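# Secondary and tertiary structure notes
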Amino acid sequence: MLGTNIKEIQEIDIALGRWIAENTPQEALIAVDDIGAISYISERQIVDMNGLVSPEVWPALQADEGLPRDQVLTRILSEVDPDFMAAFPLWRWNIASNPAVAQPVHHVQTGSHTIIFQQDAYVYETTWPYLNTADPQTSQTAHFGDGLKLAGYDLHVEDPLETVLYWQSAALVDEDYDVFVHLRDKAGNIAAQSDRQPLAGLAPTSLWQKGDIIRDPILLPLPADLAAGEYDLLLGVYLRETGERLSLSGAPALDNALLLESLTIP
């Protein structure tokens, strides 16, 4: 049993520490699940996501497990801004499985399960959603209801179509609103769409604090049979339980939706 325990630690923690030491900048900050061997061997500054040496994460540990805990942890990690995360994905599922936040760059695994939490662990390169400042490609001031303000967006016209929204929290809101981005043809038909909470629920509007800036990338895969022509890219905010859209002010509105761009799809 002791030999198996040692083998698991070598194949997970020690392997992660060595990879981080060899493949990340010396000044990189790493968020980690298992601090011992990883931090010692990597010789990197770390944030302990389990709070043993990082008391700033304790509010996340006091939250309910699953998505609520990951929501709080995402906010905390955004403040300290780790460059990488070394994690067991089952512990951090909502963060680790969200490509807008975490991109896997290295994978280690072990064949047994005696002392280690999970037989697979990853290093992720991270992009955290809560920002200090934002510099969108396109500045745009639009208010949705009393609390949500769009400050601008980036647009990458390819397949999938990527729209990066930059939100500012103007006031506290009690509800978790969904954001929709629709690609519509000139007849009003929806050709592609995304409807979901910001960051797929990792940064819900009810947790936004006044003054927050939130980066929210949205991907729209284009249908293989999408006809060439003119399309409108529309943005709106609504409450899923009722379908009611927040009123739009500060910019031209079409059924409480903001026209972001008119696009020509070849």
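Above this text you will find the structure in question.
Every value quoted in this text rests on a predicted model; they were computed, and no experiment measured them.

Core analysis: the largest hydrophobic core is formed by 55 residues, its most contacted members being Met 85, Phe 144, Trp 167, Leu 183 and Leu 235. Look past the residues within four positions of Leu 183 in its chain and what remains in contact with it is Leu 161, Asn 189, Ile 190, Ala 191, Ala 192, Leu 220, Leu 222, Leu 226, Tyr 231, Asp 232, Leu 233 and Leu 263. Of all hydrophobic cores here, the second largest spans 17 residues; its members include Ala 86, Phe 88, Ala 121 and Val 123.

Let's shift gears to the sheet that holds strand 7 (residues 138-144). One open sheet holds the six strands; their spatial order is 6-12-9-8-7-14, and the pairing between them is antiparallel. A strand with exactly one partner marks an edge of an open sheet, and here the two such strands are strand 6 (130-131) and strand 14 (248-249).

Quick look at unusual backbone geometry now. Residue Asp 159 is joined to Pro 160 through a cis peptide bond whose omega torsion reads 5°. With respect to the helices and strands, Pro 160 occurs in the loop between strand 8 (148-156) and strand 9 (161-169). Although it is not a glycine, Asp 81 sits at a positive phi angle of roughly 60°. Along the chain, Asp 81 turns up in the loop between helix 4 (67-80) and strand 3 (84-87). Here Asp 81 falls in the partly exposed class, since its relative accessible area comes to 44%. Of note in this structure, Asp 255 is not a glycine but carries a positive phi near 55°. Assignment of secondary structure puts Asp 255 in the loop between strand 14 and strand 15 (258-265).

Okay, helix 4 next. Along its 14 residues, helix 4 runs 20 Å from first to last C-alpha, staying within 8% of the 20 Å computed at 1.5 Å per residue. When we look at burial in helix 4, the residues that qualify are Arg 69, Asp 70, Gln 71, Leu 73, Thr 74, Arg 75, Ile 76, Leu 77 and Ser 78. Taken together, the buried residues of helix 4 touch strand 1 (29-32), strand 2 (45-48), helix 3 (58-61), helix 5 (93-96) and strand 6. Phi turns positive one or two residues past the end of helix 4, at Asp 81, with a value near 60°.

With that settled, the discussion passes to the sheet that holds strand 15. Taken together, four strands build an open sheet; the order of strands is 11-10-13-15 and the sheet is antiparallel. Looking along the sheet, the strands with just one partner apiece sit at the ends: strand 11 (190-196) and strand 15. Strand after strand, the sheet turns through a mean of 15° between neighbouring axes, direction not considered. Relative to strand 13 (residues 229-238), strand 10 (residues 178-185) runs antiparallel, the two sharing eight bridges. Residue pairing for strand 13: Val 181 is matched across the bridge by Leu 235.

So, about helix 2 (residues 35-42). Ile 35, Ile 38 and Ser 42 are the residues of helix 2 that are buried. The buried residues of helix 2 occupy an angular sector of 85° when the element is viewed end-on, so they sit on one face. Glu 43 sits one or two positions beyond helix 2 and adopts a positive phi of about 55°.

Once that is clear, we can look at the side chain of Arg 92. You can see Arg 92 is positioned in the loop between strand 3 and helix 5. Exposure remark for Arg 92: the relative accessible area of 4% places this residue in the buried category. Excluding residues within four positions of it along the chain, Arg 92 makes contact with Asp 33, Met 49, Asn 50, Asp 70, Leu 73 and Ala 87.

In this section: the packing of aromatic side chains. The description of an aromatic ring pair rests on the distance of the ring centres and on the angle between the ring planes. Here the structure, examined in full by the defined rule, presents five aromatic pairs. With a centroid separation of 6.4 Å and an interplanar angle of 45°, the aromatic rings of Trp 167 and Trp 208 are classed as tilted. Here the residue Trp 167 occupies a position in strand 9, and Trp 208 occupies one in the loop between strand 11 and strand 12 (213-220), the gap between them amounting to 41 residues. Comparing Trp 167 with Trp 208 shows no difference in burial state: the two are buried. Here the aromatic cluster, defined as three or more aromatic residues joined through ring pairs, consists of Phe 144, Trp 167 and Trp 208. Stacked on the ring of Tyr 130, the Lys or Arg Arg 75 has its end atom at 4.6 Å from the ring centre.

Thresholds applied
Residues numbered from 1 in each chain as written. Predicted model: local features only at pLDDT ≥ 70, side-chain atom pairs only at ≥ 80, totals over all residues. Heavy atoms only, no water. Core = buried A, V, L, I, M, F, W, Y, C linked by side-chain atoms within 4.5 Å. Buried < 20%, exposed > 50% of the residue type's maximum accessible area, 1.4 Å probe, protein only. Contact = heavy atoms within 4.5 Å. Pairing = 2+ DSSP bridges. Helix = DSSP H or I, 4+ residues; strand = E, 2+ residues; numbered from the N terminus. Expected span 1.5 Å × (residues − 1). Axes fitted to C-alpha atoms, helices over the stretch in contact; angles between N-to-C directions. Arc of directions from axis to C-beta. Phe/Tyr/Trp six-rings, centres within 6.5 Å; stacked < 30°, edge-to-face > 60°. Lys NZ or Arg CZ within 6 Å of the ring centre and 35° of its normal.

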